[in-house]
Amino acid sequence: KYGGEIDLIARDGERVVFIEVKRARTHAQAAERLSQRQMLRILRSAEEFLANEGCDEKTDVGYDLALVDGGGRIEVLENALYLN
């Protein structure tokens, strides 16, 4: 069991990307919904996932934030959750 849920996990070649999705009326409001506590939970979960996948410290990892506004428009902030 991971430290918490991860909304999306994607692979781009050898790169593993963990994506947190936040929705609100505006992209700015959605971004404000991400707390420090959630970021730490995502990091713990990602570390557990990577260990179970046999990845090591050389694995290229990204932590993105996908913001969804009230109209369903999506803005992805790459490496927005840089926690290392």
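Above this note sits the structure.
What counts, and where the lines are drawn
Residues numbered from 1 in each chain as written. Predicted model: local features only at pLDDT ≥ 70, side-chain atom pairs only at ≥ 80, totals over all residues. Heavy atoms only, no water. Core = buried A, V, L, I, M, F, W, Y, C linked by side-chain atoms within 4.5 Å. Buried < 20%, exposed > 50% of the residue type's maximum accessible area, 1.4 Å probe, protein only. Helix = DSSP H or I, 4+ residues; strand = E, 2+ residues; numbered from the N terminus. Pairing = 2+ DSSP bridges. Contact = heavy atoms within 4.5 Å. Salt bridge = Lys/Arg side-chain N within 4 Å of Asp/Glu carboxyl O.

Engineer: Even after reading the chapter, I still don't get the nonpolar core, so can you show me in this structure?
Structural biologist: Burial of nonpolar side chains together is a common tendency in soluble globular proteins. Counting 17 residues, the largest nonpolar core has Phe-18, Leu-34, Leu-50, Tyr-63 and Leu-81 as its most contacted members. Sort the elements by how many residues they give to this core and helix α2 (residues 36-52) lands first, with six residues.

Engineer: Where do I start with the pairing of strand β2 (residues 15-23) in this structure?
Structural biologist: Every regular strand shows the same layout, with side chains that alternate between the two sheet faces. Here β2 lies mainly inside the structure; seven of its nine residues are buried. In the sheet, strand β1 (residues 8-12) pairs with β2 via five bridges, with the strands oriented antiparallel. Counterpart to Ile-9 in the pairing with β2 is Phe-18. Connecting the antiparallel pair β1 and β2 is a turn made up of two residues, with Gly-13 showing a positive phi of about 70°. Bridge count between β2 and strand β3 (residues 61-68): eight bridges; the pairing is parallel. Residue pairing across strands places Ile-19 opposite Asp-64, the latter belonging to β3.

Engineer: Mind showing me how you'd approach the environment of Gly-62 here?
Structural biologist: Assignment of secondary structure puts Gly-62 in strand β3. Beyond its immediate sequence surroundings of up to four residues, Gly-62 is in contact with Arg-15, Val-16, Val-17, Phe-18 and Asn-79.

Engineer: How do you make sense of the pattern of salt bridges when you look at a structure like this?
Structural biologist: Side chains bearing opposite charge may pair, as long as their charged atoms lie close to each other. Counted under the stated rule, the structure contains five salt bridges. One salt bridge in this structure joins Asp-60 and Arg-15, with 2.7 Å as the shortest N-O distance. Of the two residues, Asp-60 sits in the loop between α2 and β3 while Arg-15 sits in strand β2, which places them 45 residues apart along the sequence. With relative accessibility at 40%, the residue Asp-60 sits in the partly exposed group. For Arg-41, the salt bridge identified is with Glu-20, shortest N-O distance 3.9 Å. Highlighted residues: Arg-41 in helix α2 and Glu-20 in strand β2, separated in sequence by 21 residues. The class for Arg-41 is buried, based on a relative accessible area of 17%. Since its relative accessible area comes to 4%, Glu-20 is described here as buried.

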